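Understanding the architecture of this molecule
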Amino acid sequence: MKLFVTGAGGQLGKELMQLELPPHIQIFGAGRDQLDITNAEQCRQVLAAYAPDAVLHCAAYTAVDKAESEPAAAFLVNEEGTRNIALAAAACGAKLCYISTDYVFDGGASEPYEEHDSVNPQTVYGRSKLAGEQAVQSILDRFFIVRTSWVFGKYGNNFVRTIVKLASERSELQVVSDQIGSPTYTLDLARFLVELVQTEHYGIYHASNQGICSWYDFAQAILSESGLDAVKLVPCATSAFPRPAARPAYSVMSHSAIKRNGLTDLRPWQEALVHYLNDKE
């Protein structure tokens, strides 16, 4: 089986490219320099040349706050770029797996979002990613849409790396305690995606590491596992850190589709964090 990864230089894309895979699976990919997803003809030519069985579409505009001031750029990549990849996948007969986000929900829930729950994005980023979902659904029958959240991993910047860095510079850290969600380790997500695209279980999935926490809880675990307990951690409200883009207050997602289709759920986030801290570059 041949897999092709867009956004191969990004946090998740790079994780996929570095995975140890069984001999029957070959993985190829292109980063931003090799593939401009906003160029429809280039998308068609590149996918036609590789002729993959499945495309893992990780390329995205992910600057959540910046998107508020440049919506056209976010939609160009996340909607039009995704449409181009979907059309190119259809032309070469490939399945498509589109990586989406918890930001398609408004964060007003009090229990985990199901895959079929109503979407109501509150940010430009969320709306642009939802537009990408809709483009995929309108073009292809053989698709997987995988919504994920709070991503961290060994490639690129993330919350874990930031907390460890700040803890080495300061004696006290303030971290938001009123946003609730689930961290996702790129290694575990990448393994899940490879398992998923080998199936015919098409549709929408929610994939994060198991368990629920606030950013404050997550930071507490990071400090504890890193031996940085001496740093004082102070909980605060979202309002203490105003940002251009609203963050979902609650973005926990149910893993019903994973369970229903007998796929391997991701391990608890605490275990994933320990693995990451022992394995990062």
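Everything discussed here concerns the structure shown above.
Presented here is a report on the structure given in the accompanying data block. Being a predicted model, the structure only gives us computed values, none of them experimental.

1. Thoughts on the side chain of Thr184
Among the structural elements, Thr184 can be located in strand 9 (residues 184-185). For Thr184, a relative accessible area of 0% corresponds to the buried category. The contact partners of Thr184, leaving out residues within four places of it in the chain, are Thr148, Ser149, Trp150, Val151, Phe152, Leu189, Ala207, Ser208, Asn209 and Leu266.

2. Points about the layout of surface pockets
The space that makes up the second largest pocket amounts to roughly 210 Å³. Lining the second largest pocket we find Glu15, Gln18, Leu19, Glu20, Leu21, Lys154, Tyr155, Leu187, Arg191, His275 and Asp279. Broken down by secondary-structure element, the contributors of at least two residues to the lining of the second largest pocket are helix 1 (11-18), helix 7 (186-197) and helix 10 (269-279). Of the residues in the lining of the second largest pocket, the class split is 4 nonpolar, 2 polar and 5 charged.

3. Quick word on helix 6 (residues 159-169)
Within helix 6, burial applies to Val160, Ile163, Leu166 and Ala167. The buried residues of helix 6 occupy an angular sector of 135° when projected down its axis, which confines them to one face. Looking at helix 6, the residues exposed on the side facing more than 90 degrees away from the buried face are Lys165 and Ser168. Residues of helix 6 that are buried in the fold lie against strand 6 (151-152), strand 7 (172-176), helix 8 (215-225) and helix 10. A distance of 3.0 Å separates the backbone nitrogen of Val160 from a side-chain oxygen at the start of helix 6, and that oxygen is part of Asn158.

Criteria and cut-off values
- Residues numbered from 1 in each chain as written.
- Predicted model: local features only at pLDDT ≥ 70, side-chain atom pairs only at ≥ 80, totals over all residues.
- Heavy atoms only, no water.
- Helix = DSSP H or I, 4+ residues; strand = E, 2+ residues; numbered from the N terminus.
- Buried < 20%, exposed > 50% of the residue type's maximum accessible area, 1.4 Å probe, protein only.
- Contact = heavy atoms within 4.5 Å.
- 1 Å grid on protein atoms, 1.4 Å probe; cavity = no way out; pocket = protein on both sides within 12 Å on 5 of 7 lines; lining within 4 Å.
- Points joined across faces, edges and corners; volume = space filled by probe spheres on them.
- Nonpolar A, V, L, I, M, F, W, Y, C, P; charged D, E, K, R; others polar.
- Arc of directions from axis to C-beta.
- Polar contact = N/O pair within 3.5 Å; in protein donor to acceptor, adjacent residues only side chain to side chain.

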